[in-house]
Amino acid sequence: MKTEKVFFSDSVGAEARKEGLDVTQGRTLSGDVNLSADVVVVGSGAGGAVMAYELARAGLRVIVLEAGPYVPSSEFSEDFTESLERLYADHGSQTNKDGDLLVLQGACVGGSTVVNGCVSFRTPDFILRDWQEQFGLSALTPEEMEPYFRKVERNLSIEENAGHEIARHSQLALAGAKALGWSVKPFKRNIRDCALTGHCLSGCKTDRKQSMLVTYLPWAVAHGAKIFSDVTVTQVISRAGQARGVIAEAKDSSGTTVANIRVDAPIVVAAAGAVQTPLLLLRSDLANGSDQVGRNFACHPSMYVGARYPEPVYAWRGALLGVYIDEFLPPEKGGFILEAGGLGAVEMTLITEPGSGEAFLDYMEDAKYYSGLVTLIHDHNVGRIGWDGDNKRVDYQLADVDFDSMLRAIKAAAQVHFAAGAEEVFVPSTKPLRIRSVEEIDQVLSELSNAPQVLRMVSYHPQGTCRMGSDPDRSVVAEHGESHDISGLYVADASLLPTSIIVNPQVTVYALASRIADQLIARREQYLGNASKGSGESG
Amino acid sequence: MATKITTPALMAGLEPLSRRSLLRGVALGGLAFSTGCSRLFGRKDAPEALKYKHLSEDEIRTITRLTEVLLPTEQHGLPSALLVVPTMSNLDEMTGQMQPQSRELLSLALWIFENRPKMSFKFSRFSKLDDAKAREYVLAMQDGAFFERGITSTLKTFITVNYWRDSRTWPGLDYTGPVTEKWGVRRLGNAPLPLV
């Protein structure tokens, strides 16, 4: 057995690399590799990267294991189909069991933060109140979270879109919402000096998006953290109710295992995302005394409601996301938002069913006239992540009440489009449905039903599968992120969220991870003091 | 621009086919009687199919016919989907990169799509239907049961994405494609460490 010595540098006087990231790629490893650290972080996305930086900065020896590859931003292609293959989970084909919900997650160093649209919302206050009342998360008040939001907003250059960042598609949404008297606002985004390429979902080639790839990960490395890519964690190890590390496999580019890795660490942070984290815990047969691991999956099922305008829009030009309509954000008003978003030409083939032959070509030839609104709803936690033999299984079927919300969101989007001057609206369905006037909206939408393969849904925000709560019988982790069952095992990703939060969750995850890091640091002696005792792992 | 071939999010609609009940009830029970399951995953390629490494002769025939029905490009002054843009080669290469489970689902979907007309069109396969009947069939599948919609949407996406991903199709849409290098946008690199 080969034991690799990992040298952790002193973080005093740390300085980040100007460009790129020091990553040990899995294909360079071989045989059996033993590592040790104070903390092993599973996943390098929004939660994992923040934890890695904060813990490394506090002087802990941190190892980050990322299952996906390291792709430097200079290699991003601005080709969405190629990016799906290279940067997304399951090459962009991760779906629910019914095949009508695409679950898009980043699967590369930096995780989904590399391929998201930069939209940055704080957790709505009413969601935090709901968590306090329903799940006993009494410490997570808006006042408690305020400094964490402020900190990550400052670190990630989160600012409101300026006028030049409101592209034509967003100007139309703005005009439509204003004509209806609905609340509409510019997005805040984590971006520096946006180059307005419109290719956010393929990764930002010039490092303007402040993803984890160019912020918290290089900062963590500057403070001594070590990052490994192409390393899939297969098991969390524990002993007598204490986390002890992980077992993992390093893969080459073909997916073949080239090394078996063991990391001994008294603190394990599971931050692989709301699909992979519960799968890891279930496979490890750990932390599931509540039987809630993998349950309560919500995902913000979203649709792109496109429309044709009389003048060219060129939805691929300018900042990808400009404004949002929050008129219906409060649950009592509908619990959904509409986000004005751009789209590339290839993606135009995916958003609706335009018919075949002449009809399809007519549709595509008008691509420059299309604009769109993304719907995000406050869906219920009705799904479940689990194993089906060696395959993961995503069980998620839209609840009837959520289907009604989807219809209301499509209707509102159609109203905005028509108010902005659209000539027709494309229903995001597998059937060729179009709406040609406000008067037609209800009639056309009545042709939809809550059944498999009716709506064209995409989830960018899986969440809820290891939820926080004060009651160990109803939740997986406490409000400071630690497992109710296993000391030293933390969760720090969107699995934590007890309910869906309607808005894009990246800032919520950053802020919660920052807070969890503080809580962990305050307890560090508890784990590090136990680290040297005995052996005989299980898990 | 070089066209890179990948395995993107096109297979979603085929997921229901992985259910054993559907395999048993629809694919094997309802349709296999006329063609025989032995041809389902066959690779007895005709000489003209040999230039494709991953798709079988039957699959190429089905996809070619569906491409003709879906994308009568010449009538619109667009580059031909079969003679100019290498749609079939793109599809073939994409197929070669699929995981085994996805590859089997694609085979099954194409087989169902090819043979399902036998139920309604006097035992004719899809690839043998004339233009009018082929269009009628595609429309019927698009409006059919959930798995028929899933198959049809997926195959349509499979073909149309592999056509429009080619940069030669973009001028017709006024689509600009990748722009960063064209515009010479400067890289910013990593953000500086935050001030504590």
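Just so it is clear, the structure is predicted and the values come from calculations on it, not from any experiment.

So, on to the overall build of chain A. A tally of regular secondary structure across chain A gives 13 helices and 24 strands. Rg of the C-alpha trace for chain A: 23 Å, near the compact-globule value of 24 Å for 539 residues, within the 12% margin. Referenced to the eigenvectors of the C-alpha coordinate spread, the extents of chain A come out at roughly 75 × 45 × 45 Å. Contacts spanning at least 24 positions in sequence make up 76% of the contacts within chain A whose residues lie at least 6 apart.

The helix and strand inventory of chain B stands at seven helices and zero strands. The order of α-helices and β-strands along chain B, N terminus first, is α-α-α-α-α-α-α. Per-residue burial for chain B yields a buried fraction of 41% across its 196 residues. In chain B, of all internal contacts separated by at least 6 residues, the share reaching a separation of at least 24 is 68%.

Time to look at the environment of E57 of chain B. Relative to the elements of secondary structure, E57 of chain B occurs in helix α2 (residues 57–70). Separated by 58 residues in the primary sequence, E57 of chain B and N115 of chain B have C-alpha atoms spaced 15 Å apart.

This part covers helix α1 (residues 46–57) of chain A. Residues and elements named next belong to chain A. A rise of 1.5 Å per residue sets the reference length of α1, with its 12 residues, at 16 Å; its end C-alpha atoms lie 17 Å apart and thus fit the reference within 8%. If you check which residues of α1 are buried, you get A46, G47, G48, A49, V50, M51, A52, Y53, E54, L55, A56 and R57. Each element contacted by the buried residues of α1 is listed here: β4 (39–42), β5 (62–65), α6 (216–222), β14 (267–270) and α12 (506–522). Trailing α1 by a residue or two, G59 shows a phi angle of about 100°, which is positive.

This brings us to the domain arrangement of chain A. All names here are of chain A. The domain boundaries assigned to chain A delineate domain 1 (23–93 + 105–116 + 121–155 + 211–293 + 463–534) and domain 2 (159–207 + 302–378 + 399–454). Each side of the interface is counted separately: domain 1 has 18 residues, and domain 2 has 18 residues. It is helix α2 (residues 80–87) that provides the largest number of residues to the side of domain 1 that touches domain 2, a total of four residues. A class-by-class count of the residues in the side of domain 1 that touches domain 2 yields 10 nonpolar, six polar and two charged.

A separate point is the pairing of β5 of chain A. Residues and elements named next belong to chain A. Residues V62 and V64 point to one face of β5 and I63 and L65 to the other, with burial holding for every one of them. Relative to β5, β4 runs parallel, the two sharing four bridges. Along β5, the bridge assignment pairs V41 with V64. For the crossover from β4 across α1 to β5, the handedness is right-handed. In the sheet, β5 pairs with strand β10 (residues 226–229) via three bridges, with the strands oriented parallel. The residue of β10 that forms the bridge with L65 is F228.

One turn of the α-helix equals 3.6 residues, which is why residues spaced by three or four share an orientation. For helix α4 (residues 100–115) of chain B, with 16 residues, the first-to-last C-alpha span of 22 Å sits near the 22 Å given by 1.5 Å per residue. Considered for burial, the residues of α4 of chain B that qualify are S102, L105, L106, L108, A109, L110, W111, I112, F113, E114 and N115 of chain B.

A few words now on unusual backbone geometry. Residues and elements named next belong to chain A. For C118, which is not a glycine, the phi torsion comes out positive at approximately 75°. Locating C118 in the fold gives a position in the loop between β6 (101–103) and α3 (125–135). Judged by local crowding, C118 falls into the buried class, with 25 C-beta atoms found within 10 Å.

A few words now on the pairing of strand β12 (residues 242–251) of chain A. Residue and element names in this part refer to chain A. Across the 10 residues of β12, seven count as buried, placing the element largely inside the fold. In this structure, strand β11 (residues 231–239) lies alongside β12, joined through eight bridges in antiparallel fashion. By the bridge assignment for β12, S238 is matched with A243. Hairpin connection from β11 to β12: two residues lie between these consecutive antiparallel strands, with A240 at a positive phi of about 50°. Of the strand pairs in this sheet, β12 and strand β13 (residues 257–264) are connected by seven bridges, and their pairing is antiparallel.

This brings us to the environment of N296 of chain A. Residues and elements named next belong to chain A. With respect to the helices, strands and loops of the structure, N296 is situated in the loop between α7 (276–284) and β15 (302–308). Sequence separation between N296 and I385 is 89 residues; the distance between their C-alpha atoms is 8.6 Å. Not counting residues up to four positions away in its chain, the partners in contact with N296 are N381, G464, T465 and R467.

Bringing the sheet that holds strand β2 (residues 24–25) of chain A into the picture now. Ordered in space as β2-β10-β5-β4-β14-β24 (chain A), the six strands form an open sheet in which the pairing is parallel. Two strands lie at the open edges of the sheet, namely β2 and β24 (489–491) of chain A, each paired on one side alone.

A word on the interface of chain B and chain A. Interface size is often expressed as the accessible area that is lost when the parts come together. Contacts between the two partners involve 52 residues from chain B and, on the opposite side, 57 residues from chain A. Taken together, the elements giving at least two residues each to the side of chain B that touches chain A come down to α2, α5 (131–142) and α6 (146–164) of chain B. Here the side of chain B that touches chain A gets eight residues from one element, more than from any other, and that element is α6 of chain B. The class makeup of the residues in the side of chain B that touches chain A is 27 nonpolar, 16 polar and nine charged.

The next point concerns the packing of α5 of chain B against α6 of chain B. Residue and element names in this part refer to chain B. Packing of α5 against α6 leaves a shortest axis separation of 7 Å and a crossing angle of 125°. Here α5 is positioned oblique relative to α6, judged by the angle of their axes. Here V138, M141 and Q142 of α5 lie close against α6, whose contacting residues are E148, R149, I151 and T152. Along the lines of polarity and charge, the residues of the contact of α5 with α6 split into three nonpolar, two polar and two charged.

On to the nonpolar core, then. Residues and elements named next belong to chain A. With 229 residues, the main nonpolar core has A52 and V62 as its most contacted residues. Residue assignment places this core across two domains, with domain 1 (23–93 + 105–116 + 121–155 + 211–293 + 463–534) and domain 2 (159–207 + 302–378 + 399–454) each supplying three or more. Apart from the residues within four sequence positions on either side, V62 is in contact with A37, D38, V39, V41, A52, L55, A56, A220 and A225.

Right, let's talk about the packing of α4 of chain B against α6 of chain B for a bit. Residues and elements named next belong to chain B. Close contact between α4 and α6 brings their axes to 10 Å; oriented N to C, the two are set at 105°. What the angle tells us is that α4 and α6 run roughly perpendicular. Listed contacts from α6 to A109, I112 and F113 of α4 are I151, T154 and L155.

Low-pLDDT portions of the prediction should not be read for the details of their coordinates. Residues and elements named next belong to chain B. Here chain B shows a mean pLDDT of 77. Residues at 70 or above account for 72%. Taken as a whole, residues 1–9 scores under 50 in pLDDT and shows 36 contacts with residues more than four places along the chain or in a different chain. The low-confidence segment residues 19–49 (pLDDT under 50) makes 33 contacts with residues lying over four places distant or belonging to another chain. Across the whole predicted complex the pTM is 0.90, and at the interface the ipTM reaches 0.92.

What counts, and where the lines are drawn
- Residues numbered from 1 in each chain as written.
- Chains lettered and ligands numbered in written order.
- Predicted model: local features only at pLDDT ≥ 70, side-chain atom pairs only at ≥ 80, totals over all residues.
- Helix = DSSP H or I, 4+ residues; strand = E, 2+ residues; numbered from the N terminus.
- Rg over C-alpha atoms; globule rule 2.2 N^0.38 Å.
- Contact = placed C-beta atoms within 7 Å.
- Buried ≥ 20, exposed ≤ 12 C-beta atoms within 10 Å, placed from the backbone.
- Expected span 1.5 Å × (residues − 1).
- Domains from an automatic or database assignment.
- Nonpolar A, V, L, I, M, F, W, Y, C, P; charged D, E, K, R; others polar.
- Pairing = 2+ DSSP bridges.
- Right-handed = clockwise from strand over helix to strand, strands pointing away.
- Axes fitted to C-alpha atoms, helices over the stretch in contact; angles between N-to-C directions.
- Parallel < 35°, antiparallel > 145°, perpendicular 65-115°, else oblique.
- Core = buried A, V, L, I, M, F, W, Y, C linked by C-beta atoms within 7 Å.
- pLDDT = per-residue confidence, 0-100.

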